[in-house]
Amino acid sequence: MYEIARRHLGKVVAGAAMAVTGTAVAVAISLPGSAGANGVAGPAGTAGAVGSAGTSAGTGAAGATGQGDAGAQAAGAAEAGTGNQAAGSAPPPATVAPAAAEGEKGLGSDPLTDDELTRAEQLALTPPAAAAQENVEGGRGPQHLGTLLADPVPGDGTRRAEVRFYDYAKDELVTRTVNLGTGKVERSAAQRGVQPSAHPEELREALELILASPLGKGVKEDYKDATGKQLTSTEQLWFNGDVYRTYREANVPAQLADCGEHRCVRLVTKVLNGAWINTRNLIVDLSARTVTRVG
């Protein structure tokens, strides 16, 4: 009976030792490689919980060696991951590829090149008629409004440009079609009472007329209130606008009755990077060079 009890007790002790060893291994696997047995951080690969538990169970050498290899592998993976993350968080600066060089001539329905725009305008200004025309400032030559690629002629691959001018001497819109291949003006037409959108040069002249007129006093006062400075130049304002069209207005002052036949514009203005200044109630007749308040 004593012998049976002794053998049973030995089996219990051996089983307990194996259980302790298995628990220690499981704990060591779940811990980070940098954690030591006593909770103090240590270098990766150091014998931690497994080493201590393994020693107490009689397998300390195997436990320490296994944990050291696993720790070293974990540390290597962590360093690789950290390197990848650093590379991902700091990508090289982006670069913008330069635009392709523009040729002297476009093809097909390509937009007109800078060279073609310049050449078309020069060809359309045929003397001596151009010398008798006036621009928005009253100078010699018509006011250029814009140049577009003309509709193609069926069966003809030659590129043509449609150039539009405004002659302030006669209040006429002049349109000329230029053959960019032959350099000849193929068509020319003049129209009265047709007012396309205003050119930036016309809008600037309109603002000059406003500032030079008695009605510009309020604009200058608003500018000084907003900035504390005197308004002396159009360069101090941002501005935009378009043609004043009488058929859109409920009440048109008698002074603006000729707008439509005359070239009239309305502006919106603001301080550069600042407050708006109300100029919508000031209509400029560029043909008569007058400023009228509406509303």
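Provided above is the structure to which this section pertains.
All of these numbers come straight from a predicted model, not from anything done at the bench.

Participant: I'd like to hear about the overall build of the protein chain, residue by residue, with values.
Facilitator: A count of helices and strands for the protein chain gives six helices and nine strands. Surface accessibility of the protein chain: about 17900 Å² in total, with carbon and sulfur atoms responsible for 56%.

Participant: Could you give me a rundown of the packing of aromatic side chains, with the residues and numbers involved?
Facilitator: Considering all chains together, one arrives at two aromatic pairs under this definition. Taking the centre distance of 4.9 Å and the plane angle of 65° together, the rings of Tyr166 and Tyr168 count as edge-to-face. Here Tyr166 and Tyr168 have matching classes, each one buried. Each ring, one from Trp238 and one from Trp276, has its centre 5.7 Å from the other, and the planes form 90°; the classification is edge-to-face. Of this pair, Trp238 sits in strand β5 (residues 237-243) while Trp276 sits in strand β7 (residues 276-277), and the two are 38 residues apart along the sequence. The class for Trp238 is partly exposed, based on a relative accessible area of 36%.

Participant: Outline the pairing of strand β6 (residues 264-271), supporting the account with residue identities and numerical values.
Facilitator: Within β6, seven of the eight residues are buried, which leaves the element mostly enclosed by the surrounding structure. As defined by bridge partners, β6 adjoins β7 across two bridges and the pair is classed as antiparallel. Across the sheet, Thr269 pairs through a bridge with Ile277, a residue of β7. In this antiparallel pair of consecutive strands, β6 and β7, the connection spans four residues, and Asn273 shows a positive phi of 55°.

Participant: Report on the pairing of strand β3 (residues 172-179), specifying residues and quantitative values.
Facilitator: Among the eight residues that make up β3, eight are buried, leaving the element largely enclosed by the rest of the structure. Of the two faces of β3, the one lined by Glu172, Val174, Arg176 and Val178 and the one lined by Leu173, Thr175, Thr177 and Asn179 are each fully buried. Judged from the eight bridges that link them, strand β2 (residues 160-167) and β3 form a sheet pairing that is antiparallel. Within β3, the position partnered with Ala161 by the bridge is Val178. What sits between the antiparallel neighbours β2 and β3 is a turn of four residues, in which Asp171 has the positive phi angle 50°. Both β3 and strand β4 (residues 184-191) contribute to a ladder of seven bridges, which runs antiparallel. Across the sheet, residue Val178 finds its bridge partner in β4, namely Val185. As consecutive antiparallel partners, β3 and β4 are separated by four residues, and within that stretch Gly183 has a phi angle of approximately 80°, a positive value.

Participant: Describe helix α4 (residues 114-124), listing the residues and the values that go with them.
Facilitator: Where α4 is concerned, the buried positions are Glu116, Ala120 and Ala124. The arc enclosing the buried residues of α4, seen along the axis, measures out at 60°, which places them on a common side. What points out from α4, more than 90 degrees from its buried face, is the exposed set Asp114 and Gln122. If you follow the buried residues of α4, they end up packed against β1 (143-149), β2, β3 and β4.

Participant: Talk me through the nonpolar core; I want residue IDs and the actual numbers.
Facilitator: With 25 residues, the main nonpolar core has Ile210, Val219, Val265, Val284 and Leu286 as its most contacted residues. Among the elements that line this core, the one with the most residues is helix α5 (residues 200-212), at six residues. Listed in part, the nine residues of the second largest apolar core include Ala161, Phe165, Val178 and Leu180.

Participant: I'd like to hear about the state of the cysteines, residue by residue, with values.
Facilitator: Evaluation of the coordinates by the stated rule reveals one disulfide. Between Cys259 and Cys264 runs a disulfide, and the two sulfur atoms are separated by 2.1 Å. Judged by the sign of its S-S torsion, about -85°, the bond between Cys259 and Cys264 is left-handed. For the pair formed by Cys259 and Cys264, the shared burial category is buried.

Participant: Provide a residue-level description of unusual backbone geometry, including the pertinent values.
Facilitator: Phi angles above zero are rare outside glycine, and Asp171 is one such case at about 50°. Although it is not a glycine, Arg289 sits at a positive phi angle of roughly 60°. Residue position: Arg289 is located in the loop between β8 (282-285) and β9 (290-293).

Participant: Outline the side chain of Thr175, listing residues and values.
Facilitator: Inspection of the secondary structure puts Thr175 in strand β3. The exposure class assigned to Thr175 is buried, which follows from its relative accessible area of 16%. Among residues more than four places away in sequence, those in contact with Thr175 are Glu162, Val163, Arg164, Arg187, Ser188 and Ala189.

Analysis parameters
Residues numbered from 1 in each chain as written. Predicted model: local features only at pLDDT ≥ 70, side-chain atom pairs only at ≥ 80, totals over all residues. Heavy atoms only, no water. Helix = DSSP H or I, 4+ residues; strand = E, 2+ residues; numbered from the N terminus. Areas by Shrake-Rupley, 256 points an atom, 1.4 Å probe, with all protein chains shown as cover. Phe/Tyr/Trp six-rings, centres within 6.5 Å; stacked < 30°, edge-to-face > 60°. Buried < 20%, exposed > 50% of the residue type's maximum accessible area, 1.4 Å probe, protein only. Pairing = 2+ DSSP bridges. Arc of directions from axis to C-beta. Contact = heavy atoms within 4.5 Å. Core = buried A, V, L, I, M, F, W, Y, C linked by side-chain atoms within 4.5 Å. Disulfide = S-S within 2.5 Å.

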